[in-house]
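Topology and contacts: notes
Spelled out from the first residue to the last, the chains are:
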Amino acid sequence: MAAQGRHGGRKSNKMTALVVDDNMVNRTIHHQLLDNLGIENVAVGNGKEAVDIHCSGKAFDLILMDMDMPIMNGIEATRKLREMGIRSMIAGVSTRSMEQEIREFIEAGLDDYQEKPLTVSKLISIIRKIN
């Protein structure tokens, strides 16, 4: 029912996620973790692609957002998505550990932040916050 709570008219009860990461290995790992939990997911390579996919009318329950990407980074993309009225759970996932950088990412509109590598237990803790 999470899909209906966040997006109103959607009929599917299946949770959906968007993976946003410029690193193919990370995208593959995050995609597989989500698949293993039965979460339908799509992966894109930068923040602009994440914004564009939402502009095309797609909606997701969860967005896993990397911080450091070319074209549009995770901070800019998160800020833009929130300005567009996107209410999906956005979880920042990054290798960054400097408090100031993490704070800036969170202030852009994140609901959660997890340090890479993303694990099943970290992913489950994010998902629990959606329900």
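Structure shown above.
None of these values were measured; they are calculated from a predicted model.

Counting 22 residues, the largest nonpolar core has Leu18, Val20, Ile63, Met65, Leu81, Ile90 and Phe105 as the members making the most contacts within it. For this core, the elements supplying multiple residues, two or more each, are strand 1 (16–20), helix 3 (47–55), strand 3 (62–66), helix 4 (74–83) and helix 5 (99–107). Dropping the residues within four chain positions of it, Val20 is found in contact with Val44, Asn46, Gly47, Ala50, Ile63, Leu64, Met65, Asp66 and Met69. Grouped together as the second largest cluster of nonpolar side chains are 16 residues, Val19, Leu33, Leu64 and Ala91 included.

Now for the packing of aromatic side chains. Geometrically, a pair of aromatic rings is defined through the distance of the ring centres and the angle of the planes. If you walk through the whole model with that rule in mind, you get one aromatic pair. Considering the side-chain rings of Phe105 and Tyr113, the 6.3 Å spacing of their centres and the 75° angle between planes classify their relative orientation as edge-to-face. The residues Phe105 and Tyr113 share a single accessibility class, namely buried.

Here the structure, examined in full by the defined rule, presents six salt bridges. When the shortest N-O distance is used, the salt bridge between Asp111 and Arg82 registers 2.6 Å. Residue Asp111 is found in the loop between helix 5 and strand 5 (112–115), and its partner Arg82 is found in helix 4; the two are separated by 29 residues along the sequence. The salt bridge involving Glu99 is made with Arg103; its shortest N-O contact spans 3.3 Å. In this pair, Glu99 and Arg103 both sit in helix 5, four residues apart, roughly one turn of the helix. When its relative accessible area of 59% is taken as the criterion, Glu99 is described as exposed.

Moving on, we come to helix 6 (residues 120–130). Buried within helix 6 we find Leu123, Ile126, Ile127 and Ile130. Each buried residue of helix 6 lies within a common arc of 95° when the element is viewed along its axis, so the set occupies one face. Facing away from the buried surface of helix 6 by more than 90 degrees, the exposed residues are Ser121 and Arg128.

Scoring rules and cut-offs
- Residues numbered from 1 in each chain as written.
- Predicted model: local features only at pLDDT ≥ 70, side-chain atom pairs only at ≥ 80, totals over all residues.
- Heavy atoms only, no water.
- Core = buried A, V, L, I, M, F, W, Y, C linked by side-chain atoms within 4.5 Å.
- Buried < 20%, exposed > 50% of the residue type's maximum accessible area, 1.4 Å probe, protein only.
- Helix = DSSP H or I, 4+ residues; strand = E, 2+ residues; numbered from the N terminus.
- Contact = heavy atoms within 4.5 Å.
- Phe/Tyr/Trp six-rings, centres within 6.5 Å; stacked < 30°, edge-to-face > 60°.
- Salt bridge = Lys/Arg side-chain N within 4 Å of Asp/Glu carboxyl O.
- Arc of directions from axis to C-beta.

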